[in-house]
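# Descriptive analysis of the structure
Here is what each chain is made of, one letter per residue.
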Amino acid sequence: MIKLTGLIKYIHIHPLLWVVIGLAVMTAHFIELSLLLFIIFIHELGHAGAASFFSWRIKRIALLPFGGVAEMEEHGNRPLKEELIVILSGPLQHLWMMGLAYILFQFSIIPEDLFQLFIQFNLMVLLFNLLPIWPLDGGKLIFLWLSIYYAFPVAHRKIIQISIGSMLAFIIVTLLTAPINLNIWVVVSFLLFSIFHEWKQSRYIFMRFLLERYYGKSASIPILKPLIVKEEEMVIHVLEKFQRGCKHPIIIEKDGKEKGTLDENELLHAYFSEKVITARIGDLLYAY
């Protein structure tokens, strides 16, 4: 309860949302907007509550004119199970909200039209958030699944590609079913911008991932996954093989024979502190 109360300070309301609220009042849609905002807020509060439970660094819980987002200051080094719980904690809120609404409706505490609208909005937000598009919950789940099998940069690139493909399909469906729905096109524009920004910042995101590992901010990592590399490989190319949820001993080979090993922290130290950006992995072996 104390942690949930502490989340209030992270709530941020976008200035344009007040304009939307004003328009809703003038057009007699205030109740509908209030229901939708309540559902979105509880959804994002679910993410933030789970993140707070695991002592994640929360940046803000933002309510936007077209949705909401819970932003975290975490860069891919938390245990995958924790991240799965944080991601699912948003969609799971819809289940208890719909269950409570059904109980209230059965006891005639809320009218039928309000109940149906509340269920409709819950299903709409739930299903939309599960689309395989970054940064929706569905996209984050796909990224998490990809991270189990691929190195961080590869998994990140694949989720961007999947998001682009899913967005194209979503745009085609929108053109066929609701081509003049302004709200949908605003959301589409936001998602396209988010995907573009994620692609544009991909190298920076990867560096943040490595830096967080280097400074030891990650939790204990149970999986030990050796990386077998050739002596002539570049340091940065070896770093690009780093995977979420794993600790990497570096096994260096030459002519098919093992020449030695390095700890991943030695590799990160050489890259970030000693600035051996253009070095080959074999050079580090002799240096250490």
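All values reported here derive from a predicted model rather than from experimental measurement. (Residues numbered from 1 in each chain as written. Predicted model: local features only at pLDDT ≥ 70, side-chain atom pairs only at ≥ 80, totals over all residues. Heavy atoms only, no water.)

### Points about the overall build of the protein chain
As a reminder, the rule being used: The helix count covers DSSP runs of H or I at least four residues long, the strand count covers runs of E at least two residues long, and both are numbered beginning at the N terminus. A simple rule labels every residue: compare its accessible area, found with a 1.4 Å probe on the protein chains alone, to the largest value its type can have, and call it buried under 20%, exposed over 50%, or partly exposed in between. The charged-residue count follows a simple rule in which Lys and Arg add positive charge and Asp and Glu add negative charge, with His and chain termini not counted at all. In plain terms, the charge of a residue is placed at NZ if it is Lys, CZ if Arg, CG if Asp and CD if Glu.
A count of helices and strands for the protein chain gives 13 helices and eight strands. For the protein chain, the spread of C-alpha atoms along the principal axes amounts to about 75 × 45 × 30 Å. Counting across all 288 residues of the protein chain, residues that qualify as buried make up 42%. Each charge class in the protein chain can be summarised by its mean position, and for the 25 positive and 24 negative side chains these summaries are 4 Å apart.

### Side note on the pattern of salt bridges
Counted only if it meets this: We define a salt bridge as a side-chain nitrogen of Lys or Arg found within 4 Å of a carboxyl oxygen belonging to Asp or Glu.
If you walk through the whole model with that rule in mind, you get ten salt bridges. Two residues, K59 and E71, come together in a salt bridge whose shortest N-O distance is 3.9 Å. Of this pair, K59 sits in strand β2 (residues 58–64) while E71 sits in strand β3 (residues 67–72), and the two are twelve residues apart along the sequence. Judged by its relative accessible area of 48%, K59 falls in the partly exposed class. A salt bridge links E231 to K254; its shortest N-O distance comes to 3.7 Å. Linking E231 in the loop between β5 (227–230) and α11 (235–239) with K254 in strand β7 (residues 249–254), this pair joins segments that are 23 residues apart in sequence. Residue classification places E231 among the buried positions, given a relative accessible area of 12%. Residue classification places K254 among the partly exposed positions, given a relative accessible area of 37%. Connected via shared salt-bridge partners are K59, R60 and E71.

### Re the packing of aromatic side chains
For clarity, the cut-off: Classification of ring pairs rests on two measures: the distance between centres of Phe, Tyr or Trp rings, Trp counted by its six-membered ring, which must be within 6.5 Å, and the angle between planes, read as stacked under 30 degrees, edge-to-face over 60 and tilted in between. Counted as over-ring charges are cases with an Arg CZ or a Lys NZ within 6 Å of the ring centre that also lie within 35 degrees of the ring normal.
Taken as a whole and judged by the stated rule, the model has 14 aromatic pairs. Ring geometry for Y271 and F272: centres 5.1 Å apart, planes at 90 degrees, overall edge-to-face. Clustering of aromatic rings is evident, with ring pairs tying together W134, F143, F152, F206 and F209. The residue whose ring lies beneath K158 is Y150, and the NZ or CZ to ring-centre distance is 4.9 Å. Of note, R244 hangs over the ring of F143, and the distance from its end group to the ring centre comes to 5.0 Å.

### Thoughts on the nonpolar core
Nonpolar side chains in soluble globular proteins tend to be buried together. The cut-off we apply is this: Throughout this description, the term nonpolar core refers to a set of buried Ala, Val, Leu, Ile, Met, Phe, Trp, Tyr and Cys residues connected via side-chain atoms within 4.5 Å. Pairs of residues are marked as contacts when any of their non-hydrogen atoms sit within 4.5 Å.
One finds L210, L239, F242, I250, L267 and I281 to be the most contacted residues of the largest nonpolar core, which totals 40 residues. Those residues in contact with F242, other than ones at most four positions away along the chain, are A151, F152, P153, F209, L210, R213, L227, H248, I250, E264, L267 and L268. One finds L17, L35, I40 and I110 within the second-largest nonpolar core, a separate group that totals 19 residues.

### Topic: the confidence of the model for the protein chain
For the record, the criterion: Note: pLDDT gives the predictor's confidence per residue, expressed from 0 to 100.
Summary statistics for the protein chain give a mean pLDDT of 87 and a share of 94% for residues scoring 70 or more. Mean pLDDT per element in the protein chain: helix α1 (residues 2–6) is the minimum at 59, and helix α8 (residues 152–177) is the maximum at 96.

### Digging into the UniProt feature "domain: Peptidase M50" (unreviewed entry) in the protein chain
Rule in force here: UniProt positions are given in the numbering used here, feature names are shortened, and annotations may be inferred rather than shown by experiment.
Here, UniProt's "domain: Peptidase M50" (unreviewed entry) annotation points to residues 35–107 and 112–170. Between the end C-alpha atoms of residues 35–107 there is a gap of 20 Å, over a span that is 58% helix and 18% strand. A helix fraction of 85% and a strand fraction of 0% characterise residues 112–170, whose end C-alpha atoms lie 31 Å from each other.

### A word on the pairing of strand β8 (residues 257–263)
How we decide: Pairing between strands is defined by DSSP: at least two bridges between them are needed.
Examined bridge by bridge, β7 and β8 share six bridges and lie antiparallel to one another. Among the inter-strand pairings, I251 is bridged to a residue of β8, identified as T261. The hairpin turn running from β7 into β8, its antiparallel successor, is two residues long, and D255 in that turn takes a positive phi close to 55 degrees.

### Quick word on the UniProt feature "transmembrane region" (unreviewed entry) in the protein chain
Taking the UniProt record as the reference, the feature "transmembrane region" (unreviewed entry) is found at residues 12–31, 84–105 and 125–152. Taken end to end, residues 125–152 comprises 68% helix and 0% strand; its first and last C-alpha atoms sit 29 Å apart.

### Re the sheet that holds β7
Neighbouring strands of a sheet are bound in pairs by backbone hydrogen bonds; such pairs are parallel or else antiparallel. As a reminder, the rule being used: To get an axis, a line is fitted to the C-alpha atoms, and for a helix only the part in contact is used. The angle between two axes follows their N-to-C directions and goes from 0 to 180 degrees.
What the three strands build is an open sheet, ordered β5-β7-β8; its pairing is mixed. For this open sheet the edge positions go to β5 and β8, each flanked by a neighbour on one side alone. Strand-to-strand twist across the sheet, computed as the mean angle between neighbouring axes with direction ignored, equals 30 degrees. The pairing of β5 with β7 spans four bridges and is parallel. Paired with I228 across the two strands is I251, which belongs to β7. Across the sheet, helix α12 (residues 264–272) lies against β7 and β8, angled at about 70 degrees from β8, the strand it touches most.

### What about helix α6 (residues 112–129)?
For clarity, the cut-off: Here the expected length of a helix is defined as 1.5 Å per residue gap, with one fewer gap than residues. To be clear, the arc concerns the directions from the helix axis to the C-beta atoms.
The end-to-end C-alpha distance of α6, which contains 18 residues, comes to 26 Å, matching closely the 26 Å that a straight helix rising 1.5 Å per residue would cover. What α6 keeps buried is the set F115, F118, I119, F121, N122, V125, L126 and N129. All buried residues of α6 lie within an arc of 165 degrees about the axis, which places them on one face of the element. Along α6, the residues that are exposed and aim more than 90 degrees away from the buried face are D113 and L127. Buried residues in α6 make contact with α3 (30–53), α5 (93–106) and α7 (137–149).

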